[in-house]
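Listed below, chain by chain, are the residues.
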Amino acid sequence: MCRANHRRRLSGNERLCGDEVTTELADEVYMEQALLLAQQAYSCDEVPVGAVVVVDGSIVGEGWNRPVSSCDPTAHAELVALRDAALRLGNYRLSNATLYVTIEPCTMCAGALVHARVKRLVYGAKEPKSGAVDSNCHALQGTHLNHRVLVSAGVLDSRCAQLMSSFFAMRRQQKKEITRKNKY
């Protein structure tokens, strides 16, 4: 399995000790849940992005992309998960929360992280076209912002990217089949 350059699996001799190893393993566990939610989006013919919000080791919010099925341009996985967490916790401020999302957030979602005061963002694959955290506008680094979000990137990135690639390959194939049918 291809791993991000700084990520590795524990060998049988290593024990779970130290914050870095514990955090890395927890990040992978929660990203696995986000990938399951991304699969849910895929099965609904939505762009396969999944997200979970974690506070004190518990998942308090979940979401997957739903803009098409809900006719809501703001129904990105991150926003759905943040809304779910805020409702469950009874507070729109999620200051001790970590958001795990399979793909680098867009500008809208990055702004929501700041407004919700999310402590940490963990994402899988970069999004070269609309990613606003590292790929393009670096939306979380503005000196004008009144809140800083810690960012960890590349968690299970190859699996997250593969799911997106698979989805868009399927979409291209569907378009070819429709074009072929319309010719006859």
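Above this text you will find the structure in question.
Residues numbered from 1 in each chain as written. Predicted model: local features only at pLDDT ≥ 70, side-chain atom pairs only at ≥ 80, totals over all residues. Heavy atoms only, no water.

A. Region of the structure containing the pattern of salt bridges. Scanning the model with the defined rule gives 4 salt bridges in all. One salt bridge connects Arg120 with Asp27, and the closest N-O pair in it is separated by 2.7 Å. Remark: Asp27 occurs in helix α1 (residues 19-43) and Arg120 occurs in strand β4 (residues 120-125); sequence separation between them is 93 residues. Comparing Arg120 with Asp27, the two get one shared label, buried. Where Asp45 meets Arg171, a salt bridge forms, and the shortest distance between an N and an O atom there is 3.9 Å. Of this pair, Asp45 sits in the loop between α1 and β1 (50-55) while Arg171 sits in helix α5 (residues 157-183), placing them 126 residues apart in sequence. Classification of Arg171 by relative accessible area gives partly exposed; the value is 26%. (Salt bridge = Lys/Arg side-chain N within 4 Å of Asp/Glu carboxyl O. Helix = DSSP H or I, 4+ residues; strand = E, 2+ residues; numbered from the N terminus. Buried < 20%, exposed > 50% of the residue type's maximum accessible area, 1.4 Å probe, protein only.)

B. Focus on the pairing of strand β3 (residues 97-103). Burial analysis of β3 places 7 of its 7 residues in the buried class, which makes it a mostly covered element. In terms of strand pairing, β1 meets β3 through 5 bridges, oriented antiparallel. For Ala51, the partnering residue across the bridge sits in β3 and is Val101. Handedness of the β3-helix α4 (residues 107-116)-β4 crossover: right-handed. (Pairing = 2+ DSSP bridges. Right-handed = clockwise from strand over helix to strand, strands pointing away.)

C. A look at the sheet that holds β3. Here we have 5 strands laid out as an open sheet, ordered β2-β1-β3-β4-β5, and mixed in their pairing. Sheet topology places β2 (58-64) and β5 (150-153) at the edges, where each strand pairs with a single neighbour. Each strand of the sheet is rotated relative to its neighbour by a mean of 15°, with strand direction disregarded. Two elements, β3 and β4, share 5 bridges in a ladder whose sense is parallel. Residue pairing across strands places Ile103 opposite Ala125, the latter belonging to β4. Contacts from α5 reach β3 and β4, with the element oriented near 60° to β4. (Axes fitted to C-alpha atoms, helices over the stretch in contact; angles between N-to-C directions. Contact = heavy atoms within 4.5 Å.)

D. Spatial organisation of α4. Residues of α4 that are buried: Cys109, Ala110, Ala112, Leu113, Val114 and Ala116. Those residues of α4 that are buried are in contact with α3 (77-89), β3 and β4. The first or second residue beyond α4 is Arg117, which carries a positive phi of 65°.

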